[in-house]
Amino acid sequence: GENVEQHPSTLSVQEGDSAVIKCTYSDSASNYFPWYKQELGKGPQLIIDIRSNVGEKKDQRIAVTLNKTAKHFSLHITETQPEDSAVYFCAASIDSNQFYFGTGTSLTVIP
Amino acid sequence: NAGVTQTPKFQVLKTGQSMTLQCAQDMNHNSMYWYRQDPGMGLRLIYYSASEGTTDKGEVPNGYNVSRLNKREFSLRLESAAPSQTSVYFCASRVSGRALVEQYFGPGTRLTVT
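Please read these numbers as outputs of a predicted model, since none were measured by experiment.

Regarding the sheet that holds strand β1 (residues 4-7) of chain A
Residue and element names in this part refer to chain A.
Then, in step 1: Taking strand neighbours across the sheet as the criterion, the five strands line up as β1-β3-β8-β7-β6 in an open arrangement whose pairing is antiparallel. With one partner strand each, in any of the chains shown, β1 and β6 (56-59) form the two edges of the open sheet. On average, each strand axis in the sheet is inclined to that of its neighbour by 15°, with strand direction left out of account.
Then, in step 2: Across four bridges, the pairing between β1 and strand β3 (residues 19-25) is antiparallel. Of the residues in β3, the one forming a bridge with glutamine 6 is cysteine 23.

Given below as structure tokens:
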């Protein structure tokens, strides 16, 4: 099956700086790549997603890039704020029923 | 519109006991999922139901059974709980089809097996 690796596992940034989280996947058939934010005690919530026919997608301070050739995708958060502190998960899906998740990145934004 | 709801929120079981985790969604979604989340391992798919009346195994189905009771409800059963099943369990749902694939997650059930 698909294998998704995510780095780093923890990330601390100063408020206002940028944060980048990277994921790689193994199955070239994967065609949908969502990113989730999970706050303490809650379920994951989708923050942005990208399909394999798109190289980049942006939504305000959040952007995702996809390199199909290298089989990696990244989450970029600019102008970080304390409320961005959470655990972030990447995922990859082939048939939109089987989703394979990365191991998560705990982001801390220091005021 | 409550979204995806899960009961119970917390549960402690002894080894060998059985229990059912309940999940319901009010968004008229076709597909529903059960995941487990363990420290350092992300979320892993246990079972999913692409539509009412169908269920399929995910990545880690051993030790679990599921029932898609109707379009709204999807339950997960542990017949004989083991300490290795200590985890946080999340239910999710989504609309099937090409246009929208976002999964909506419930708040989770924290299960401890002693």
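Next comes the rest of the description.
Details of the state of the cysteines
Then, in step 1: One pass over the structure, following the stated rule, counts two disulfides over all chains.
Then, in step 2: At a sulfur-sulfur separation of 1.9 Å, the disulfide partner of Cys23(A) is Cys90(A). Handedness here is read from the sign of the S-S torsion; for Cys23(A) and Cys90(A), about -100°, the answer is left-handed. A residue pair is termed long-range when its members are at least 10 positions apart, and Cys23(A) in strand β3 and Cys90(A) in strand β9 (residues 86-93) qualify at 67 residues. In terms of burial, Cys23(A) and Cys90(A) fall into one category: buried.
Then, in step 3: The disulfide partner of Cys23(B) is Cys91(B), and the gap between their sulfur atoms is 1.9 Å. Judged by the sign of its S-S torsion, about -70°, the bond between Cys23(B) and Cys91(B) is left-handed.

Description of the interface of chain B and chain A
Then, in step 1: The partner chain A presents 18 residues to the 24 residues of chain B that form the contact.
Then, in step 2: Ranking the residues of chain B by area buried against chain A places Leu43(B), Val101(B) and Phe105(B) at the top, with a combined share of 28%.
Then, in step 3: Linking chain B to chain A there are zero salt bridges.
Then, in step 4: Where chain B meets chain A, there are one residue pair in polar contact (both at pLDDT 80 or more).
Then, in step 5: Among the elements of the structure, β4 (31-38), β5 (42-49) and β9 (87-94) of chain B are those that each provide at least two residues to the side of chain B that touches chain A.
Then, in step 6: Here the side of chain B that touches chain A is composed, by residue class, of 12 nonpolar, seven polar and five charged.

Quick look at the sheet that holds strand β8 (residues 74-78) of chain B
Either a parallel or an antiparallel arrangement is found when strands of a sheet pair, and the pairing is made through backbone hydrogen bonds.
Residue and element names in this part refer to chain B.
Then, in step 1: Strand order in the open sheet formed by four strands is β1-β3-β8-β7, with antiparallel pairing between adjacent strands. If you trace the sheet from one side to the other, it starts and ends with β1 (4-7) and β7 (65-68), each paired once. When the angles between neighbouring strand axes are averaged without regard to direction, this sheet yields 15°.
Then, in step 2: Examined bridge by bridge, β1 and strand β3 (residues 19-25) share four bridges and lie antiparallel to one another. Pairing of glutamine 6 across the sheet is with cysteine 23, part of β3.

Scoring rules and cut-offs
Residues numbered from 1 in each chain as written. Chains lettered and ligands numbered in written order. Predicted model: local features only at pLDDT ≥ 70, side-chain atom pairs only at ≥ 80, totals over all residues. Heavy atoms only, no water. Pairing = 2+ DSSP bridges. Helix = DSSP H or I, 4+ residues; strand = E, 2+ residues; numbered from the N terminus. Axes fitted to C-alpha atoms, helices over the stretch in contact; angles between N-to-C directions. Disulfide = S-S within 2.5 Å. Buried < 20%, exposed > 50% of the residue type's maximum accessible area, 1.4 Å probe, protein only. Contact = heavy atoms within 4.5 Å. Buried area = accessible area lost by both parts, 1.4 Å probe. Salt bridge = Lys/Arg side-chain N within 4 Å of Asp/Glu carboxyl O. Polar contact = N/O pair within 3.5 Å; in protein donor to acceptor, adjacent residues only side chain to side chain. Nonpolar A, V, L, I, M, F, W, Y, C, P; charged D, E, K, R; others polar.

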